[in-house]
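# Examining the three-dimensional arrangement
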Amino acid sequence: MREHFLTLSFRLPKHQEESLPELLTPWPVLGCEVREVNAEVEVTVFLQNQARALLPQLKGALKSFGALDLAEGTQPDLDWIGEYRQLARPFRVGHRFWIDPHPDTPTPPPAGCIHLLIEPRQAFGTGSHESTQLMLLLLEDRPPVGARVLDVGTGSGVLALAARALGARWVLGFDVDADAVFVACETAHLHPQWPVALFAGPSRALAPRPAFDLILANMLVEQFVPLLPRLRRLVHPGGTLFLSGLLVSQKEAVAGELAASGFALVGEKQLGEWAAVVASPR
Ligand SMILES: C[S@@+](CC[C@H](N)C(=O)[O-])C[C@H]1O[C@@H](n2cnc3c(N)ncnc32)[C@H](O)[C@@H]1O
């Protein structure tokens with residue numbers, strides 16, 4: 001049975017809104033929804049069901065704070081991913097990729113497109129995010145034909161499969177999130193024509209040898225920057241690194257980090273506020 005969250009709804013004078021996070025910090029609050037209505041705000045605070053015993057105390061604290069019309073309620077934990085999955089439609093990325101969120105009822109791709117069956121699940125990489133799309137666009141610009149590819153933070157496995165479909169000789173994808181790798185394995189099984197190897201674990205599980213012609217890493221800047229020295233040891237001297245997950249405003253800082261780790265920036269791409277860069281070992 002799906003869990004229900006507890007909710008506490010109330011009104012507050014607008015000027016009190018700023019101090020609300022401080023008041024709520026000691027309580028096991030999952031999240032907060034705030035709506036402005038004239039000179040007031042309507043607030044709904046979400047708590048886990050297990051926090052029920054604390055409600056009288058929290059209500060007391062909120063009353064002293066000035067909360068009006070306090071009302072308890074419940075909110076079912078909706079299956080957001082299931083809902084999204086139902087609404088999702090196949091879409092094209094670049095010239096080469098057709099991303100289809102419905103493996104059970106696939107839609108044939110336009111002529112010449114690679115059909116990737118990526119069901120939205122508990123792993124990043126549905127193909128709808130700009131950072132993933134930038135990587136797919138870089139891959140189609142520079143197809144890794146015959147390359148040995150490492151996909152760092154594989155998530156759903158979308159980039160690993162795309163690289164293999166574009167002609168990579170072999171592809172190894174990994175992720176520190178075992179749940180994501182579980183999804184990636186299942187996704188890989190839907191594409192037996194493009195076999196990829198996958199493991200759950202950190203990059204230090206890989207021997208520091210320059211075994212890869214191309215390394216893909218789509219993750220937050222603060223996640224990939226600490227990995228750069230290790231990636232430098234894993235990439236072949238004539239190889240390439242594609243990095244995505246950075247904002248355009250972070251490009252300069254990332255270029256500095258790349259230089260400090262022994263990479264030279266050789267290309268870049270942008271989609272909206274997102275950027276991806278191409279680097280080579282110096
Ligand atoms: C933004 S998602 C990218 C997923 C997919 N590759 C894509 O391009 O859509 C980043 C992934 O990196 C993983 N990750 C974060 N830090 C990592 C690390 N240090 N080593 C390996 N994986 C990591 C996360 O668990 C997450 O699945």
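Residues numbered from 1 in each chain as written. Predicted model: local features only at pLDDT ≥ 70, side-chain atom pairs only at ≥ 80, totals over all residues. Heavy atoms only, no water.

Applicable threshold: UniProt positions are given in the numbering used here, feature names are shortened, and annotations may be inferred rather than shown by experiment.
Going by what an unreviewed UniProt entry lists, the protein is known as Ribosomal protein L11 methyltransferase and is assigned to Thermoanaerobaculum aquaticum. Recorded in UniProt under Sequence similarities (unreviewed entry), the annotation for the protein is "Belongs to the methyltransferase superfamily. PrmA family."

### Remarks on unusual backbone geometry
Across the chain, the bulk of peptide bonds are trans and the bulk of non-glycine residues have phi less than zero. The line we're drawing: Summary of the burial criterion: residues with accessible area below 20% of their type's maximum are buried, those above 50% are exposed, and those between are partly exposed, where the area comes from a 1.4 Å probe applied to protein chains only. For helices the rule is a DSSP run of H or I covering at least 4 residues; for strands it is a run of E covering at least 2, with both sets numbered from the N terminus onward.
Located in the positive-phi region is Asn38, a residue other than glycine, with phi close to 50 degrees. On the basis of relative accessibility, which here comes to 69%, the residue Asn38 falls in the exposed class. Here Asp69, not a glycine, exhibits a phi torsion of approximately 50 degrees, which is positive. With respect to the helices and strands, Asp69 occurs in strand β4 (residues 68-76). On the basis of relative accessibility, which here comes to 54%, the residue Asp69 falls in the exposed class.

### Remarks on the packing of aromatic side chains
Our working definition: Paired rings are identified among Phe, Tyr and Trp, the last through its six-membered ring, by centres lying within 6.5 Å, and are further divided according to the angle between planes into stacked (under 30 degrees), edge-to-face (over 60) and tilted (the rest).
Enumeration according to the criterion identifies two aromatic pairs in this entry. Both rings, one in Trp170 and one in Phe212, keep their centres 5.7 Å apart while their planes meet at 70 degrees; by these two values the pair is edge-to-face. Of this pair, Trp170 sits in strand β9 (residues 170-175) while Phe212 sits in strand β11 (residues 212-218), and the two are 42 residues apart along the sequence. What makes Phe212 buried here is its relative accessible area of 4%. Ring plane angle 5 degrees and centroid distance 5.0 Å describe the contact between Phe174 and Phe199, whose orientation is recorded as stacked. Here the residue Phe174 occupies a position in strand β9, and Phe199 occupies one in strand β10 (residues 197-200), the gap between them amounting to 25 residues. On the basis of relative accessibility, which here comes to 3%, the residue Phe174 falls in the buried class.

### Quick look at the environment of Gly267
Condition: In what follows, a contact means two residues having at least one pair of non-hydrogen atoms within 4.5 Å.
Along the chain, Gly267 turns up in strand β13 (residues 263-271). In this structure the C-alpha to C-alpha distance between Gly267 and Val277, which are 10 residues apart in sequence, comes to 5.7 Å. Apart from the residues lying within four places of it in its own chain, the contact partners of Gly267 are Arg142, Ala276, Val277 and Val278.

### Focus: the site of the ligand
Applied cut-off: If even one non-hydrogen atom of a residue comes within 4 Å of a molecule or strand, that residue is called near it. Throughout this description, a polar contact denotes any pair of N or O atoms lying within 3.5 Å of each other; where both atoms belong to protein, one of them has to be capable of donating a hydrogen while the other can accept it, and for residues adjacent in sequence the pair is counted only when both atoms sit in side chains. Computed with a 1.4 Å probe, the accessible areas rest on the Shrake-Rupley method; for each residue, only the protein chains presented here act as cover. Only Asp, Glu, Lys and Arg are considered charged, only Ala, Val, Leu, Ile, Met, Phe, Trp, Tyr, Cys and Pro nonpolar, and every remaining residue, Gly among them, polar.
With respect to spatial proximity, 16 residues lie near the ligand, and among them Gly125, Thr132, Gly153, Asp175 and Asn218 are the closest. The separation between an oxygen atom of the ligand and a polar side-chain atom of Asp175 is 2.6 Å. Between the ligand and the protein, one listed contact pairs a nitrogen atom with a backbone N or O atom of Val176 at 3.4 Å. Protein contact buries 86% of the 600 Å² of open area that the ligand shows by itself. Listing elements by their share of the shell around the ligand, those giving two or more residues are α5 (158-165) and β9. Of the residues belonging to the shell around the ligand, the class tally is seven nonpolar, seven polar and two charged.

### A short note on the pattern of salt bridges
Side-chain pairing between opposite charges can occur once the charged atoms of the two side chains come close. Going by this rule: Any carboxyl oxygen of Asp or Glu that lies within 4 Å of a side-chain nitrogen of Lys or Arg is treated as forming a salt bridge with it.
Across all of its chains, the model carries nine salt bridges by this definition. By sharing partners, the salt bridges in this structure join Arg11, Glu40 and Asp69 into a single network.

### A look at helix α4 (residues 130-141)
An α-helical segment advances 3.6 residues per turn. Residues three or four places apart therefore align on the same side. Definition in use: Between the first and last residue of a helix there are one fewer steps than residues, each counted as 1.5 Å, and that sum is the expected span.
When the terminal C-alpha atoms of α4 are compared, their 16 Å separation across 12 residues agrees well with the 16 Å that a helix rising 1.5 Å per residue should span. Taken residue by residue, α4 has Ser131, Thr132, Gln133, Leu134, Met135, Leu136, Leu137, Leu138, Leu139 and Glu140 as its buried positions.

### Observations concerning the sheet that holds strand β7 (residues 114-117)
Condition: Note on pairing: DSSP must find at least two bridges between two strands before they are called paired. Angular values range over 0 to 180 degrees, each being the angle between N-to-C directions of two axes fitted as lines to C-alpha atoms, with helices fitted over their stretch in contact.
Read from one edge to the other, the open sheet built from three strands follows the order β5-β6-β7, with strand pairing classed as mixed. The open sheet terminates on both sides in strands that have one partner only, identified here as β5 (91-93) and β7. Going from strand to strand, the sheet's axes swing by 30 degrees on average, the running direction of each strand aside. Bridging between β5 and strand β6 (residues 97-100) involves three bridges; their strand directions are antiparallel. Its bridge partner being in β6, Arg92 is matched across the sheet by Trp98. Contacts from α4 reach β5 and β6, with the element oriented near 55 degrees to β5.

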